[in-house]
Amino acid sequence: MFEGGEGSGKSTQARLLAERWGAVLTFQPGATAIGAQLRQILLDPANADLEPRAEALLMAADRAQHVAETIRPALLRGRDVVCDRYIGSSLAYQGHARGLGVAEVAELSRFATENLQPDLVVLLEVSDDEATRRMAAVAPDRMEAAGRDFHQRVRDGYRMLAAHDLDRWVALDGEGPIDEVAERVRAVVEARLR
């Protein structure tokens, strides 16, 4: 699984890793038909007043559908799965940055996924300036437009998660050319999983 703040490069690196491994590539929120509808609600800038608890519940609903429809069936077929965002996103965004409590959101995520945990979480970290530069060409969605303070809390939440689960999480420098970051990812993934 790949985690990271906005503009960290996780989508690009997830795609590259899935291509290299021949794995199923997927993402959250929105990878299923139901999830796409939830994604529209979650990311629409017009929904600026979405209650944080409602946000967490919608994310959990997307994740439950995604695990049931995409991730678990792929695993049962013996396929590797590479996912752009998973439980860590909810813990960092809703649990930590929105202040709902990491333990509370973790319990909700365990329920949503029937406790399906990733073997490895790659956290890509970039500076605030680099993330801003990377995101400059796109119109921000509701999450991306949440402001610098919010995104700093997200980064802090991710760092806390990685520091407390060294067996599963690996934090990597996401800055630099795409192929250099991909090589860092490859080395870590092969060392941990192959």
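Below or above, wherever it landed, is the structure these notes cover. (Residues numbered from 1 in each chain as written. Predicted model: local features only at pLDDT ≥ 70, side-chain atom pairs only at ≥ 80, totals over all residues. Heavy atoms only, no water.)

1. A look at the overall build of the protein chain
Inference 1: Each helix and strand counted, the protein chain has eight helices and five strands in total.
Inference 2: Along the protein chain, helices (α) and strands (β) appear in the sequence β-α-β-α-α-β-α-α-β-α-α-β-α when read from the amino end.
Inference 3: The C-alpha radius of gyration of the protein chain comes to 16 Å, within 12% of the 16 Å expected for a compact globule of 194 residues.
Inference 4: Along the three orthogonal principal directions, the C-alpha set of the protein chain runs to about 45 × 40 × 30 Å.
Inference 5: Scored against the burial criterion, the 194 residues of the protein chain give a buried share of 47%.
Inference 6: For the protein chain, the exposed surface amounts to about 9600 Å²; the carbon and sulfur share of it is 53%.
Inference 7: For the protein chain, the distance from the average position of its 24 positive side-chain charges to the average position of its 31 negative side-chain charges is 2 Å. (Helix = DSSP H or I, 4+ residues; strand = E, 2+ residues; numbered from the N terminus. Rg over C-alpha atoms; globule rule 2.2 N^0.38 Å. Buried < 20%, exposed > 50% of the residue type's maximum accessible area, 1.4 Å probe, protein only. Areas by Shrake-Rupley, 256 points an atom, 1.4 Å probe, with all protein chains shown as cover. Lys, Arg positive; Asp, Glu negative; His and termini not counted. Charge placed at Lys NZ, Arg CZ, Asp CG, Glu CD.)

2. Here we look at the packing of aromatic side chains
Inference 1: Across all of its chains, the model carries three aromatic pairs by this definition.
Inference 2: The rings of Tyr93, Phe150, Tyr158 and Trp169 are connected pair by pair, giving a single aromatic cluster.
Inference 3: The ring of Tyr86 has Arg63 sitting right over it, with the charged end atom 5.8 Å from the ring centre. (Phe/Tyr/Trp six-rings, centres within 6.5 Å; stacked < 30°, edge-to-face > 60°. Lys NZ or Arg CZ within 6 Å of the ring centre and 35° of its normal.)

3. Some words on the packing of helix α2 (residues 33–43) against helix α3 (residues 52–76)
How two helices sit against one another is set out by the angle between their axes and by the gap between those axes.
Inference 1: The interhelical angle for the contact between α2 and α3, taken along N-to-C directions, is 160 degrees, at an axis separation of 9 Å. By the angle between their axes, α2 is roughly antiparallel relative to α3. The hand of the α2/α3 crossing is left-handed. Where α2 abuts α3, its residues Ala33, Ile34, Gly35, Leu38, Ile41 and Leu42 lie against Glu55, Leu58, Met59, Ala61, Asp62, Gln65 and Glu69.
Inference 2: Counted by class, the contact of α2 with α3 contains eight nonpolar, two polar and three charged residues. (Axes fitted to C-alpha atoms, helices over the stretch in contact; angles between N-to-C directions. Parallel < 35°, antiparallel > 145°, perpendicular 65-115°, else oblique. Left-handed = near helix turned anticlockwise from the far one by under 90°. Contact = heavy atoms within 4.5 Å. Nonpolar A, V, L, I, M, F, W, Y, C, P; charged D, E, K, R; others polar.)

4. Topic: helix α1 (residues 10–21)
Inference 1: Between its first and last C-alpha, α1 extends 16 Å over 12 residues, near the 16 Å set by a 1.5 Å rise per residue.
Inference 2: Of the surrounding secondary structure, the elements contacted by the buried residues of α1 are β1 (2–3), β2 (24–27), β3 (81–84), β4 (121–125) and α8 (178–193).
Inference 3: Following α1 by one or two positions, Gly22 has its phi on the positive side, about 70 degrees. (Expected span 1.5 Å × (residues − 1).)

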